[in-house]
Amino acid sequence: MATAPIIEVKHLYKNFGDQTALKNLDFSIQNGEIFGFLGPSGAGKTTTIKILTGQLVANSGTATVLGNNSYYFKEDIYEHIGVVTHDSGLYESLSAYDNLRTFARIFNVDKMSIDSLLKRVNLYNDRKKLVKKFSQGMKQRLILARAILNRPQILFLDEPTNGIDPGTTQKIHQLILELKNFGTTVFLTTHNMNEAAKLCDRVALLNNGKIAEIGSPQALSLKYNKKIQYKILLKGNTVLKLTDSDETRQKINWWMENGELQTIHSCEPTLEDIFLEVTGRKLK
Ligand SMILES: Nc1ncnc2c1ncn2[C@@H]1O[C@H](COP(=O)(O)OP(=O)(O)OP(=O)(O)O)[C@@H](O)[C@H]1O
């Protein structure tokens, strides 16, 4: 039996003055999915998150989250959703622990959970440090910890790893996948196609406020895999990327017969390639 979507967006439009930021968005997200909203700067990702979390009102259309129209959200919806955006205010003059303690009081979460959460985001040893002395990556992990303190059903993450070093990015990815395993639905915006391909069950490719494509990264890759390409490593470490043709196959046979071929892989298009093909523009 099909279950009702946890997020449902229908015919959503948003204008800022005479500029249309979102043009007829339509999508739905099932419980437990990691859904990626992929698009270059200005595509409308943050605007969508703000409407879905009740921070901004659409001009027309509806956004329904956990069965509630976001236009009419009541305060108690925030017990069930966590939001990580660029302007998630932390108390700079408080320690990491005290920041979480403040929010734990609001959400009635016990102290034990704070310690275990600080360990999960690798900030336990720095828990007594003032947030103003934190690096950007540490702050980002603390914001994430705060957003999941009350075990939300849905987590909205607006570019959670933008400007973050690779080590911290990996930790954040692990945490997102752990949350999925516990049943959390994740709405993630990013312009990082590797992040989307690694984490997301489905992605929507957003361009100029419109969804250009939607589907699982694998399904999109198959759909746009028109030209078969091979990545070839020859003796002497020469790397070649060749498109399938009679000539390519003859070359491959020759290299194989003459012991020149080290490795050969077929390459599917990346989300970056697909975005370029669908929209004619690059993701960044
Ligand atoms: N408060 C605002 N007033 C006027 N225009 C706005 C406002 N907020 C967003 N816009 C415009 O709406 C469009 C979509 O912006 P949005 O911030 O949603 O894009 P984005 O995909 O999140 O970009 P980025 O990756 O840079 O954060 C942009 O053209 C932006 O300039």
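These figures come from a predicted structure and were not determined experimentally.

*Asks:* Just checking my understanding: could you explain the overall build of the protein chain for this structure?
*Replies:* Broken down by element type, the protein chain carries 9 helices and 13 strands. Taking the principal axes of the C-alpha coordinates as reference, the protein chain spans close to 70 × 50 × 40 Å. Looking at the protein chain as a whole, 44% of its 284 residues are labelled buried. Residue pairs at least 24 apart in sequence account for 66% of intrachain contacts in the protein chain once pairs closer than 6 positions are excluded. For the protein chain, the distance from the average position of its 36 positive side-chain charges to the average position of its 29 negative side-chain charges is 6 Å.

*Asks:* How do you make sense of the site of the ligand when you look at a structure like this?
*Replies:* Within the structure, the ligand sits among Phe-16, Gln-19, Ala-21, Pro-40, Ser-41, Gly-42, Ala-43, Gly-44, Lys-45, Thr-46, Thr-47 and Glu-159. Lys-45 is positioned with one of its side-chain polar atoms (N or O) 2.8 Å from an oxygen atom of the ligand. Secondary structure elements with two or more residues in the shell around the ligand: β2 (19-29) and α1 (45-52). Sort the elements by how many residues they give to the shell around the ligand and α1 lands first, with 3 residues. Grouping the constituent residues of the shell around the ligand by class yields 4 nonpolar, 6 polar and 2 charged.

Scoring rules and cut-offs
- Residues numbered from 1 in each chain as written.
- Predicted model: local features only at pLDDT ≥ 70, side-chain atom pairs only at ≥ 80, totals over all residues.
- Heavy atoms only, no water.
- Helix = DSSP H or I, 4+ residues; strand = E, 2+ residues; numbered from the N terminus.
- Buried < 20%, exposed > 50% of the residue type's maximum accessible area, 1.4 Å probe, protein only.
- Contact = heavy atoms within 4.5 Å.
- Lys, Arg positive; Asp, Glu negative; His and termini not counted.
- Charge placed at Lys NZ, Arg CZ, Asp CG, Glu CD.
- Near = heavy atom within 4 Å.
- Polar contact = N/O pair within 3.5 Å; in protein donor to acceptor, adjacent residues only side chain to side chain.
- Nonpolar A, V, L, I, M, F, W, Y, C, P; charged D, E, K, R; others polar.

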